[in-house]
Amino acid sequence: MKRTIIKIDESLCDGCGACIQGCHEGALQLIDGKARMISDLFCDGLGACIGECPLGAIELEEREAEPYDERAVMERIVPKGEKTIIAHLTHLRDHKEMELLQQGLDYLKEHNIALSLPEEKPQVRPHVRPAAPSGCPGAQAFSFAPTPVASQAKTAHQTQNASQPQSQLRQWPVQLHLLNPQAGYFREADVVLAADCAAYTYGDFHNRFMAGRTLAIACPKLDSGKESYIEKLTEMIDSAQIRTLTVVIMEVPCCGGLIQLARAAADRAMRKIPIRQVVIGIQGAVLSESSLQ
């Protein structure tokens, strides 16, 4: 199957081993002085190792790979002890991979291994440990509930009683190239696929289109690798079993490419879901709404 998985640039890797410590699933090992992935089966594609690399030698890519196997991962890490097991399961829970988490817990139950996960800490906005400028911690996946933004100092342009609007973003990342269709926040979700410009044009974009939905953004004119976009959208429909897809585009002609991508994915998918199209004018008004499927 084609899915998101890590890729290591061995020309950049200096064999420091930081990524191996960050990969509790055991997908990485130091071999001949380089970090190497020993099996596709053990890589969940969530990119926890990316932020650990100080040289930016690890990135996510879309390629043919064996499906991630949680039971195989559990078989591999259980001999490493309780701390490794807890780190792995907590990693799944923090990324809202609840189906995989349950598979891991079921494995422990079947093998009479008793342990307790630490209490889940509420996350408002995750803090990613800074990496070297060449790294990409922004590709790490996070899921979180929208919360009111903390009050900030008023600027000269804000009235004394003005309040900052509440963000409706539920996950990170948002760019379609970086998104993993198997991430937990896509499972049975309502998804909005928006042209990059739309959120800057429509004033109430968060409340109108993002509330209660998982977000993906793309530019059909400037982005490359559009075939991978179709594959990701198809995987969202069939594997993640998203409930609905709302495509928000601008009125400019080039934005029609985003509708074409959604149609192509819908044609390939085995499941059929409701797909809506919303067109935003360049002055910020909703010009039309219609059903594509």
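Residues numbered from 1 in each chain as written. Predicted model: local features only at pLDDT ≥ 70, side-chain atom pairs only at ≥ 80, totals over all residues. Heavy atoms only, no water.

### What about unusual backbone geometry?
No. 1: Following Trp-172, the chain continues into Pro-173 via a peptide bond in cis, with omega recorded as 5 degrees.
No. 2: Structurally, the position occupied by Pro-173 is in the loop between strand E6 (171-172) and strand E7 (190-195).
No. 3: Within the chain, Asn-112 stands out as a residue other than glycine whose phi angle is a positive 55 degrees.
No. 4: Mapped onto the elements, Asn-112 comes out in the loop between helix H4 (98-110) and strand E5 (142-143).
No. 5: Look at Glu-188: it is not a glycine, yet its phi comes out positive at around 55 degrees.
No. 6: Turning to its location among the elements, Glu-188 is positioned in the loop between E6 and E7. (Helix = DSSP H or I, 4+ residues; strand = E, 2+ residues; numbered from the N terminus.)

### Notes on the state of the cysteines
No. 1: A full pass over the atoms with the stated rule returns zero disulfides.
No. 2: A disulfide-free cysteine, Cys-23 has its sulfur positioned 6.1 Å from the sulfur of Cys-49, the nearest such atom.
No. 3: With no disulfide of its own, Cys-43 lies closest to Cys-49 among cysteine sulfurs, the gap being 6.5 Å. (Disulfide = S-S within 2.5 Å.)

### Some points on the sheet that holds strand E9 (residues 244-250)
No. 1: The sheet built from five strands is open, its strands ordered E8-E7-E9-E10-E11 with mixed pairing. The two strands at the open ends of the sheet, each matched to only one other strand, are strand E8 (214-218) and strand E11 (286-291). Ignoring which end each strand starts from, the neighbouring axes of this sheet average 15 degrees apart.
No. 2: When E9 meets strand E10 (residues 275-280), the two strands line up parallel, connected through six bridges. Within the sheet, the bridge partner assigned to Ile-249 lies in E10 and is Val-279.
No. 3: Taken strand by strand, helix H8 (residues 256-268) contacts E7, E8, E9 and E10, and its axis lies near 160 degrees from that of E9. (Pairing = 2+ DSSP bridges. Axes fitted to C-alpha atoms, helices over the stretch in contact; angles between N-to-C directions. Contact = heavy atoms within 4.5 Å.)

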